[in-house]
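What the coordinates show
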Amino acid sequence: MLAGLALLPDGRQQRLVLRFGAGAFRDDEVFDSANCPPARYLIEVGRRLLEIAPNARRLMIANPLLPLSPEQLAGWIPPVLAVPVIVADAKGFPLAYCLPRWMVEEEERFLLLLSTCDVGLDQRLLGLVGGCEAGVVGVPKLDIGEFPPASTTGWFMGRGRQEMLRTCTIAALRAIQKQKAWRDLPFAAYLPYHAGSLLMLNLAARQVPNGFFSKEVICASYRDIVETCPGPLEPLPLRMPWLPRDNSVGELEYLAHAFERLGPEVRESHFFGFLRYSRIYNRTPFHLIDQMKFALGHSMRHEADTVHGGTPFARAKADLPVRPLKLLFHLAGGWKLKSYRLDKAAAMFMALKSFGCELTVIDRPDLERFGARSVSSDDTAFLTAEVRAHHIFIGVDSFPHHFVRHALGWPTVALFANTKPCNSDARENPDYRALVGALPCNPCGAEQFCPMTGREDCDNFAQPHQVVAAILEMARAVYGFTEAS
Amino acid sequence: MTVRILAFFDTAYPGNWSALRQARPQSRRYPSLNWPSTLGTYDTAKSDQIGQVAGLAAAAGIDGFVVEVKPTAEGYHTGAEALAALCRPGLFGLTFRWRGGKDATWADEAARPARARQLIAALAALKPAFIDGRPVLVVEDPGALGDVRQAVALLRAEAAAAGLDGFRLLASRAESADVMGLGFDAALDPGPADWGSCPPSNKPTGLDVLEIQAGLKDSVELTDKFYSYQLFIFSRMINRETRGKVYPRVFPAYFDWAGHPDGGATVLVNGHADKGVDQYMFGLFVENAIAWADRNFAEGEKFVFLESWNHWLDGSQIEPSVLDGDQVYQTVKDAIDKARFMLRSRGAARTETLDESTLLRLRQICEAAYAAAGMKP
């Protein structure tokens, strides 16, 4: 729930309430994206307020983290109206921002740098951006307390993540103070990992040409992804390995350390937007590319704005003889529950071998004994070469699947289990199928053990015969393959 | 056409409001019954009041109600006349259910043809309100109908005679193979009380029994069945495709203790009895069931049944309530929005599917491969 209030010249108020949308794109809904800081929603409420009240003089916008109503905002309208004012609780947690109209219209992207969790930092930022002394009005009777790691409105914003927001705001304050021409500094999307997210970001940036950002911070070891699938964002390489998936390093510990690692020169010559998750990404039905598009500045007001409604980014297929049908598998995701079980893979491979198929599997040498050739893939050039040597790619919900489908446009069968296809699949086509079960626990958010069965695998994967059927159907439709030929 | 969401609807109000008011739990393990808020204690016979009810349901994305066809001495009635008058093709419609196994009038074999005619007549009276113009009848507990094949034939013959084109007959059954062989078009997951899809969580030991008899423990442990909501719905949806053509029945909660004062209740428990609905899991239950129905049923035959809109006496209602506000309602609305967005936006450009014999062969090959690899499917 998001709230805003437009203060009109005649003293009247125009009220606005928005719910996080679930795919119906109603007028009173806002796109639900996990990949943007709370301040991105503040900007969106500002845009909507100016739409419904084009002659508003000031806008009172609730902190997007809080479930506030316009009626509550109306009770907090600050008496001083000439400068930006933040309404804060007893301990300095921002409740609402009362901003002059020009600030929302002309300085929109600088509002993205608001921490939304530290009134002191936000007051300084608004003062510097506005060239005036920003005010603070307290609501001493209200104490928000410690914001929870996961809120009922879907925010994923515990203490550590708030620290990351503060870090970006502090860096912005320093940059403004150090650089005379700070208004010309580029904005960089701070999303150094993971490979799939980076790919989605690049694909999204292609569709948001006039967004907030012109650069992206990426782990240097992901440079090949940017080279193979370039977008308009200029990479700022981070000389650190990516965050390991085994939880040996805490995510926020990594993010803060990596930010320091960029060095003072980079930090003071850019503004940074925190684009790692601020909300729970799999609660929304929207594709990660669309979630990134919203984070980059697109308002995503219509269904036609989403990638599922559009044509694929690329389309290609193998230039090989139909037989033998060559299949490339990637069955090991970033965590155990994303990986296709050994016995199911074995059955699937043996069935496919009986149709004369040639099988290659990435990073699963344990499947060699079932007739597959095992290869290791650690860069996109190698992966691309392997894909082009096969008719169809079959992969779990992981980077190779996203890359093969979205960047190469290759015929793909995707295997989902405890993640929702809608967040990272592609539009159904004769050359794209996403397979998943019907379990009501999807997505569970678990990584290593099933919360229901306690096992190290997920029962929501398609059964081997279903996967084989999908492969054969696709081979028929795309290549004219017949099992009997 | 999208997946149709049909919610079970009880037309016995205002009568049932007093039953709800009077229901008192006899165990602390029983979750509280709830009480309506936004819509109040409406009268289903009054068109202004039922209009608000149907409007709120339609606003959540529900396509229609399933109303019960109840036996009377003279025939059958639905109590849905006021509701039917509000239905509009493509916007909101009605389907029906008949508790055949509990219909005492059906026991008389000689009377069955006449009863079948009366039952179909009750449906035909509401013909303009049929969902998508087609009559759909859910038969609960079909195994208790006596000669099921004869019952199906009677109903179909009467429907044809009454000009009810496209008559669809669904059996409340966990697997479709046997009922389709008897002439039904498909099956529908039985209600929670009729199908415990996983073992109950309460299994009294001998000592428990003695303690219950000594008055040291709550007797419901012995008389009632308690299930974990999460496991219960998980086990309903796992490997669904192996059960054939069975429509999913989704529900936020279920505890029918009010109808079982002497024991025998089914109680789905979300952690602790007082925790209310597990909205996250329920939302996913609805969302994933819709996606599954879309993938697995042919166009025009895609249904998900929601239990229920207003079965307040078993706690499965999704109407706005005093204890939950509009949260459960909103959960359903969001889940339907999400699922429909996914279905609309993912596209439906399916490739040609393999024929049944090839699919069967594939299944057999995979099973043989499991065996050859020394594993079990």
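Residues numbered from 1 in each chain as written. Chains lettered and ligands numbered in written order. Predicted model: local features only at pLDDT ≥ 70, side-chain atom pairs only at ≥ 80, totals over all residues.

1. So, the overall build of chain B
Definition in use: Strands are runs of DSSP state E lasting at least two residues, helices are runs of H or I lasting at least four, and both sets are numbered from the N terminus onward. Taken over C-alpha atoms, the radius of gyration is set against a globule rule of 2.2 Å times the number of residues to the power 0.38. Around each residue's C-beta, the other C-beta atoms within 10 Å are counted; 20 or more make the residue buried, 12 or fewer make it exposed, and counts in between make it partly exposed. All C-beta atoms are placed from the backbone.
Looking only at helices and strands, chain B has 12 helices and 13 strands in total. For 377 residues, the compact-globule formula gives about 21 Å, and the C-alpha radius of gyration of chain B, at 22 Å, lands near that figure. Across the 377 residues of chain B, 45% fall into the buried class.

2. Some thoughts on the sheet that holds strand β5 (residues 85-89) of chain A
Residues and elements named next belong to chain A. Note the cut-off: Strands pair, by our definition, only if DSSP identifies at least two bridges between them. Working definition of a contact: two residues with C-beta atoms, positioned from the backbone, lying within 7 Å. Throughout, an axis means a line fitted to C-alpha atoms (over the contacting stretch in the case of helices), and angles, computed between N-to-C directions, take values from 0 to 180 degrees.
Strand order in the open sheet formed by 7 strands is β3-β2-β1-β4-β6-β5-β7, and the pairing between neighbours is mixed. Two strands lie at the open edges of the sheet, namely β3 (29-30) and β7 (135-139), each paired on one side alone. In terms of strand pairing, strand β1 (residues 2-7) meets strand β4 (residues 58-62) through 4 bridges, oriented antiparallel. In the strand pairing of β4, alanine 6 is matched with leucine 59. Helix-sheet contacts for helix α1 (residues 38-52) involve β1, β2 (13-20), β3, β4 and β6 (94-100), and the interaxial angle to β2 is about 135°. This element, helix α5 (residues 119-130), spans β5, β6 and β7 of the sheet and lies at about 180° to β5.

3. Some remarks on the domain arrangement of chain A
Residues and elements named next belong to chain A. Stated precisely, the cut-off is as follows: For the purposes of this description, domain bounds are those given by an automatic or database domain assignment. We call Asp, Glu, Lys and Arg charged. Ala, Val, Leu, Ile, Met, Phe, Trp, Tyr, Cys and Pro are nonpolar, and the rest, Gly among them, are polar.
Along its sequence, chain A is organised into domain 1 (2-309) and domain 2 (326-479). Centre-to-centre, using C-alpha coordinates, domain 1 lies 35 Å away from domain 2. Listed by contribution, the elements that provide at least two residues to the side of domain 1 that touches domain 2 are α7 (195-207) and α8 (223-228). It is α7 that provides the largest number of residues to the side of domain 1 that touches domain 2, a total of 5 residues. Residues that form the side of domain 1 that touches domain 2 fall into these classes: 9 nonpolar, 5 polar and 2 charged.

4. Looking at the pairing of β4(A)
It is a general feature of regular strands that their side chains alternate between the two faces of the sheet. Residue and element names in this part refer to chain A. By the criterion of burial, β4 is predominantly enclosed, with 5 of the 5 residues buried. Where burial is concerned, the two faces of β4 agree: the one with Arg58, Met60 and Ala62 and the one with Leu59 and Ile61 are both buried. Pairing between β4 and β6: 5 bridges, direction antiparallel. Residue pairing in the sheet places isoleucine 61 in a bridge with tyrosine 97 of β6.

5. Re the sheet that holds strand β13 (residues 358-362) of chain A
All names here are of chain A. If you walk across this open sheet you meet the 6 strands as β14-β13-β12-β15-β16-β17, and the pairing is parallel. Each edge of the open sheet is held by one strand with a lone partner, namely β14 (372-375) and β17 (432-435). Strand-to-strand, the axes of this sheet are offset by a mean angle of 20°, without reference to chain direction. Looking at chain direction, strand β15 (residues 392-396) and strand β16 (residues 412-415) are connected through 4 bridges and run parallel. Bridging from a neighbouring strand, isoleucine 394 pairs with valine 413 of β16.

6. Quick notes on the nonpolar core
A general tendency of soluble globular proteins is for nonpolar side chains to be buried together. All names here are of chain A. For clarity, the cut-off: As used here, a nonpolar core is made of buried Ala, Val, Leu, Ile, Met, Phe, Trp, Tyr and Cys residues. They are joined through C-beta atoms within 7 Å.
In terms of nonpolar packing, the biggest core is built from 163 residues, with Ala96 and Ile471 touching the most fellow members. Counting the residues that make up this core, at least three belong to each of domain 1 (2-309) and domain 2 (326-479). Isoleucine 471 has contacts with Leu327, Ile392, Ile394 and Val413, leaving out every residue within four places of it along the chain.

7. Considerations on unusual backbone geometry
Residue and element names in this part refer to chain A. With an omega of -5°, the peptide bond between arginine 323 and proline 324 qualifies as cis. The topology assignment puts proline 324 in the loop between α11 (288-296) and β12 (326-330). Positive phi outside glycine occurs at aspartate 363, with the angle close to 55°. Turning to its location among the elements, aspartate 363 is positioned in the loop between β13 and β14. Overall, aspartate 363 belongs to the partly exposed group, with 17 C-beta atoms counted inside 10 Å.

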